Structures are given as structure tokens and as C-alpha cells.
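Next come the chains, spelled out residue by residue.
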Amino acid sequence: MKIAVDAMGGDYAPSVVVEGAVWAARELGISIILVGDKARVEDELAKHDWKGLPISIKHASEVVGMDESPGQALRKKKDSSIKVCFELVKSGEAGAVVSAGNSGAAMAAGIFVLRNLKGVDRPAITVIMPTKKEPVVLLDAGGNVDCKPVHLVQFALMGSVYARYILKKNNPTIGLLSNGEEEGKGNELTRETHEILKNSSLNYLGYKEGRDIFTGEVDVVVCDGFVGNVVLKVTEGVLEAFSYMLRDEIMASLPAKMGYLLAKGALKNVKKKTDYAEYGGAPLLGINGVGIISHGASNAKAIKNAIRVADECVKNRVNRHLLEELEKNHDLQKLCGRQPLQYAEER
């Protein structure tokens, strides 16, 4: 199945997007449709040895800018590269979308073009966070800033499925992000969600504080999109600041430089574990298809890995497993005051 890649999305598009797509096609053997201005995409492809690679081009005459209103842009720009990507999935010409463009527009296009999976009220942006142990799934990372308990419960279920089938976690553990681990902590949203998850069949371990995200004690961390996006951006800022501080200290003296040479291998491994480019992109879980939202500043390596993540989601049939779990977990539906779901096919 082909992956539709938004060639015009991102701060450095189309050059780094095309380069990353060529890497993915060559190194991973993934078939790709580059969607965007055909002439510009062809100019970028000409810079690479892509003869014989499974890459094709789908022309799209418009681009959604990073600072445009998602809803207005999608209504006015019917032939935008983001929208055309999701339409390729709807028609069956592609199995997934990868975009480093306007994240709000990518989320809106996924919802309006593909619709939500049956039983999912709101899709969630899902990110992988580095920890002392294995990576942890965090959702929602910015898709829904105002949530109800039923939404967080659905996020928990979706995160559990993703951790099981993509990260290969057996019976993933789930934590609810709060300002303390005690029963009385949290706000009205987290307290109501906590009571529902406590009585569910999910492997729920209770409240977790922000620092617990990086210990690796749970496999899935659940929160609303406002909190999740703050966590994500703070983490990015801290890692960047630490990198600059470490560099300044190393350059400050000869002994520090010598110490760096001795620890270079270990520092390189740490940098790799905390590099967002290694994780590629954030799946938009809950839409009736596969959509991967990448960082706007993605480099070619990040694009390549986002395409890899999209391919893994398609091959592991994440949406089919989501539907099966939604149907199976009637207890969650009842606890949220919902009627049990009827089975529905995924795209």
C-alpha cells in the first residue's frame, strides 16, 4: 500500500520532504505518492538518484500555510496538498498520510475527509516520549484542548491499542496525568476520568505526575490536548536548552573537551534517544484511516521515519484493532453512559 506524503508541508518543504521520501523508498522499500506542485516536486527529485524507486507524483495546486486558519483554508483551498493526501486514502489509492504541514489543517482534513472511527468522539494526536526505560505513548498532544471524561477514556483505550500493536507491549499499563498521585488530587475532569478507568478492564495504574512520564513506569500517559501540548513543548525546550548548556560547558575548558571525547559515544546514544526525528511523527488515532502529523521543522530523517511509522500502522492494522477493542470494551461504554457499539469496518 502506498503512503501519500504532503510534499509541500513543513518549514523546509519541498526539499527535505522529497529527500526523506527518497530515503524511505530506497532504504525501507515503501511505495510513496508525493503530493504537491508537480514542477517543484520534480525539480527536487532531480537532485536525487530515484530512478527505479516506487515514487509517483500527484499534483496539487494549493498549499495550506503554517499560519492559516485550518477550517477556512480547507474550505477555500479545495486542491491543497494536505486535503488531496487524505482524499487519496479515502479513494483507496493510498493507505496513509504523512504531513509536516499545518497540524490543525491535517487534523481537520483527517476528520472531515475520512471521518472518525465509529465509537470515537475525538481523534487524538499521539506522541512517543523517551524515558529511562522504554518509550511511552502520550495522548492527546494537542488535538483537543477542552475534553470530557469520555474523551480521555477513549484516549486511554486508543493509546493501549497503539502500545500493544506498534510498541509490542503486552497488556500496556496506563496512567492519568495529574498534579499528584493521591486520590484527592486533580480537577473535575481527571477525577471523573479516574473513577471510570478504575472500574474498567484496562490496565490502569492511577494518577501519574509529570515527572513520571520519563521514568517508564507506565506505557501510556493520558491527558487532555492542552496539557499534553504543554508537556510536549516544555520537553522540547528543556532538551534544547540542555544541549546548548552542555555544549557551552564542554567548550569552556580543555579538561571538559577531553572528557567529551571519552564520553562521546554515550552522549551520542542519549541524543539519539531524545531526537524527535528518530520517532518520525505523531499518529492521529481515531480517524477512519491512518494519518501521521510530523513536526513543522522536520528534517529528512524525520520524514523518513514518519513514513516508516505510517507503514507500520497500516501493516499492523491499528484501526481494525481499535474497532475490535471499542466493540469488546462494553464496560467502558456503559461506564461512560453509552450504548454498546456495533462492529464497523475500518478503512
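This text follows the structure it describes.
Residues numbered from 1 in each chain as written. Predicted model: local features only at pLDDT ≥ 70, side-chain atom pairs only at ≥ 80, totals over all residues. Heavy atoms only, no water.

Colleague: Give me the lowdown on helix H1 (residues 15-28), citing residues and values where you can.
Modeller: With 14 residues, H1 extends 20 Å from end C-alpha to end C-alpha; this agrees with the ideal 20 Å at 1.5 Å per step. Within the span of H1, buried status applies to Val16, Val17, Val18, Gly20, Ala21, Val22, Ala24 and Ala25. Contacts from the buried residues of H1 go to strand E1 (3-6), strand E2 (32-36), helix H2 (38-45), strand E3 (55-59) and helix H11 (300-315). Of the residues one or two after H1, Gly29 is the one with positive phi, at around 70°. (Helix = DSSP H or I, 4+ residues; strand = E, 2+ residues; numbered from the N terminus. Expected span 1.5 Å × (residues − 1). Buried < 20%, exposed > 50% of the residue type's maximum accessible area, 1.4 Å probe, protein only. Contact = heavy atoms within 4.5 Å.)

Colleague: Account for the environment of Asp43, naming residues and giving values.
Modeller: Looking at where Asp43 falls in the secondary structure, it is placed in helix H2. The class for Asp43 is exposed, based on a relative accessible area of 53%. For the pair Asp43 and Pro14, spaced 29 residues apart in the sequence, the C-alpha separation amounts to 9.7 Å.

Colleague: Help me get a handle on the pattern of salt bridges, residues and values and all.
Modeller: Considering all chains together, one arrives at 12 salt bridges under this definition. When the shortest N-O distance is used, the salt bridge between Glu68 and Lys77 registers 2.6 Å. One network of salt bridges, in which partners are shared, links Glu183, Glu195 and Lys198. (Salt bridge = Lys/Arg side-chain N within 4 Å of Asp/Glu carboxyl O.)

Colleague: Report on the sheet that holds strand E8 (residues 204-208), specifying residues and quantitative values.
Modeller: Spatial ordering of the open sheet is given by E3-E2-E1-E4-E11-E10-E5-E6-E9-E7-E8, a layout of 11 strands whose pairing is mixed. Here the strands that pair on one side only, and so sit at the sheet edges, are E3 and E8. Strand-to-strand twist in this sheet, taken as the mean axis angle between neighbours without regard to direction, amounts to 25°. Two strands pair when backbone bridges link them, and E1 and E2 are joined in this way by 4 bridges, in the parallel orientation. For Val5, the partnering residue across the bridge sits in E2 and is Leu34. Strands strand E5 (124-129), strand E6 (136-139) and strand E7 (174-177) of the sheet are contacted by helix H8 (residues 225-251), whose axis makes an angle of about 35° with E5. Along the sheet face, H11 touches E1, E2, strand E4 (96-99), strand E10 (282-285) and strand E11 (291-293) and points at about 160° away from the line of E4. (Pairing = 2+ DSSP bridges. Axes fitted to C-alpha atoms, helices over the stretch in contact; angles between N-to-C directions.)

Colleague: Lay out unusual backbone geometry with the relevant residues and their values.
Modeller: Of note, the amide linkage connecting Ala13 to Pro14 takes the cis form, showing an omega dihedral of 0°. When you line up the elements, Pro14 lands in the loop between E1 and H1. Residue Asp140 is bonded to the preceding Leu139 through a cis peptide linkage, with omega at 10°. Turning to its location among the elements, Asp140 is positioned in the loop between E6 and helix H6 (149-165). Positive phi is not limited to glycine here, since Lys168 has a value of about 60°. Counting through the fold element by element, Lys168 comes out in the loop between H6 and E7.

Colleague: Tell me about the packing of H6 against helix H7 (residues 188-198), and name the residues and values.
Modeller: Orientation of H6 relative to H7, taken along the N-to-C sense of each, is 50°, at an axis distance of 9 Å. As far as their axial angle goes, H7 and H6 are oblique. Remark: the crossing between H6 and H7 carries right-handed chirality. Listed contacts from H7 to Pro149, Leu152, Val153 and Ala156 of H6 are Leu189, Glu192, Thr193, Ile196 and Leu197. Here the contact of H6 with H7 is composed, by residue class, of 7 nonpolar, 1 polar and 1 charged. (Parallel < 35°, antiparallel > 145°, perpendicular 65-115°, else oblique. Left-handed = near helix turned anticlockwise from the far one by under 90°. Nonpolar A, V, L, I, M, F, W, Y, C, P; charged D, E, K, R; others polar.)

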